[in-house]
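# Analysis of the macromolecular model
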Amino acid sequence: MPLDIVVCVKWVPNTQIVNIDPRTGTLIREGVPSIINPHDLNAVEFGLTLKDSYGGRLTAIAMSPPSAKAGLEFLIGMGVDRAILITDRVFAGADTLATSYVLAKAIERLMPTDLIIFGQETIDSSTAHICAQTASWLKLPYIYYVIDARLEDGKKNIVVKRVLERKIEVFELPLPCLMAIAMKSNVPRPVTLSNKIKAKMENLIEVWNNEMLKLNINCVGLKGSPTVVSKSIPTPVVPRKKLKFEGTDPIEAARWLLDRLAEEGVRVI
Ligand SMILES: Cc1cc2nc3c(=O)[nH]c(=O)nc-3n(C[C@H](O)[C@H](O)[C@H](O)COP(=O)(O)OP(=O)(O)OC[C@H]3O[C@@H](n4cnc5c(N)ncnc54)[C@H](O)[C@@H]3O)c2cc1C
């Protein structure tokens, strides 16, 4: 029962090295190298693992400026079969509603597909909206925080484990469906040399623009984005405190530490 899987990935500025404009509180993106959103690599690994078990095909899609091609090549290096770069000036400035609309319309073109997977959230905006919104456009079921999945009833249903703070839940969903993969689960496999060569030699990345998708320009990009960021205020930085226990007894040290934490309002259970 081979599976046709689509994984959505975002090309993001590497926020580990990005700076914040102290005046506007927004990210300074200029000159910052981009990477595939790290949490999306967990989703790619999840898709590759399913493909290893059941066979099939994994397609990565990214709505992004053309530079994302490098990121998609990296994913082919990991084992993704093909990639689609959705890029057009009219898609720029999109909020989550407009982003999910374009992704949903692109996924419709890829139908029939069995499973559409996402990272849990991005490192540059982290709204975690996109999976739910895309599901809503496509009118398909969805689930978040998935760590593991197996097929049931041939290819009709999928049984998934999802992790919450203190428990793991098991759900059964009909296919096709959407799922966001829990960050830190499914440790991404390394790129292999043969796949890397494949990514460079074979033409595995398609570029889709709005001439192809033919979406109403009032529903995409800035025009299709009802969200307005009216003001951005940086959160105040809480100064770090340095405390030193002067004694030598470890029990006393533990009690002393608990007292200091209590003073800061931390309840230790
Ligand atoms: C008014 C407004 C204007 C904005 N303008 C810009 C702008 O000009 N440039 C900009 O970069 N951002 C802009 N943003 C931010 C933009 O909304 C988000 O970058 C984007 O919609 C995705 O949201 P997110 O990063 O919170 O995704 P999340 O919901 O946190 O992402 C969840 C998952 O969805 C998938 N995903 C998310 N985005 C994409 C994508 N583009 N392609 C494929 N898969 C994806 C990934 O699997 C990801 O892990 C703007 C936001 C607003 C409100």
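Right, let's get into the site of the ligand. In the vicinity of the ligand, 27 residues are found, and the nearest of them are Cys8, Lys10, Asp40, Thr122 and Thr127. For the ligand, a nitrogen atom lies 3.3 Å from a polar atom in the backbone of valine 9. Interatomic distance of 3.4 Å between a backbone N/O atom of aspartate 95 and an oxygen atom of the ligand. Of all the elements in the fold, those that place two or more residues in the shell around the ligand are β6 (56-63), α3 (96-110) and β8 (115-119). Broken down by class, the residue content of the shell around the ligand amounts to ten nonpolar, eleven polar and six charged.

So, about the side chain of threonine 96. For threonine 96, the position within the fold is in helix α3. Residue classification places threonine 96 among the buried residues on the basis of a relative accessible area of 18%. A distance of 3.1 Å separates the side chain of threonine 96 from the side chain of histidine 129, its partner in a polar contact. Non-local contacts of threonine 96, meaning those with residues more than four positions away in its chain, are made with Thr127, His129, Ile130 and Gln133.

So, about unusual backbone geometry. Cis geometry is adopted by the peptide bond preceding proline 112, which originates at methionine 111 and carries an omega value of 5°. Inspection of the secondary structure assignment puts proline 112 in the loop between α3 and β8. With an omega of 0°, the peptide bond running from leucine 175 to proline 176 counts as cis. Of note, serine 126 is a non-glycine position whose phi angle comes to about 45°, a positive value. Within the secondary structure, serine 126 is located in the loop between β8 and α4 (130-138). Using a relative accessible area of 35% as the deciding quantity, one classes serine 126 as partly exposed. In this structure, lysine 184 takes a positive phi of about 75° despite not being glycine. Relative to the elements of secondary structure, lysine 184 occurs in the loop between β12 (177-181) and α5 (193-201).

Another point: the pattern of salt bridges. For the structure on display, the rule yields 14 salt bridges. Across the salt bridge formed by glutamate 263 and arginine 260, the nearest N and O atoms sit 2.7 Å from each other. Taken together, the residues span about one helical turn, with glutamate 263 and arginine 260 both in helix α7 (residues 250-263) at a distance of three residues. Among the charged side chains, a salt-bridge network with shared partners connects Glu45, Asp52 and Arg189.

Attention now moves to the pairing of β12. Put simply, side chains in a regular strand alternate between the two faces of the sheet. With five of five residues buried, β12 lies mostly within the body of the structure. Alignment of β8 against β12, held across five bridges, turns out to be parallel. Bridge pairing in β12 places isoleucine 116 opposite leucine 178. With three bridges connecting them, strand β9 (residues 142-152) and β12 associate as parallel partners. Within the sheet, the bridge partner assigned to valine 146 lies in β12 and is isoleucine 181.

So, about the sheet that holds strand β1 (residues 3-8). With respect to topology, nine strands assemble into an open sheet ordered β11-β10-β9-β12-β8-β1-β6-β7-β13, the strand pairing being mixed. Looking at strand neighbours, the two that pair on one side only are β11 (168-174) and β13 (205-208), the edges of this open sheet. Averaged over neighbouring strand pairs, the angle between their axes works out to 30° when direction is ignored. Along the sheet, α3 makes contact with β1, β6, β7 (82-86), β8 and β13, crossing β6 at roughly 150°.

Most of β1 sits out of view: six of its six residues are buried. Burial along β1 is two-sided: Leu3, Ile5 and Val7 facing one way and Asp4, Val6 and Cys8 facing the other are all buried. Bridge analysis of β1 against β6 gives six bridges, and the strand direction is parallel. Pairing of isoleucine 5 across the sheet is with leucine 58, part of β6. Note: β1 against β8, three bridges, orientation parallel. Bridging across to β8, valine 6 finds its partner in isoleucine 116.

Procedures and definitions
- Residues numbered from 1 in each chain as written.
- Predicted model: local features only at pLDDT ≥ 70, side-chain atom pairs only at ≥ 80, totals over all residues.
- Heavy atoms only, no water.
- Near = heavy atom within 4 Å.
- Polar contact = N/O pair within 3.5 Å; in protein donor to acceptor, adjacent residues only side chain to side chain.
- Helix = DSSP H or I, 4+ residues; strand = E, 2+ residues; numbered from the N terminus.
- Nonpolar A, V, L, I, M, F, W, Y, C, P; charged D, E, K, R; others polar.
- Buried < 20%, exposed > 50% of the residue type's maximum accessible area, 1.4 Å probe, protein only.
- Contact = heavy atoms within 4.5 Å.
- Salt bridge = Lys/Arg side-chain N within 4 Å of Asp/Glu carboxyl O.
- Pairing = 2+ DSSP bridges.
- Axes fitted to C-alpha atoms, helices over the stretch in contact; angles between N-to-C directions.

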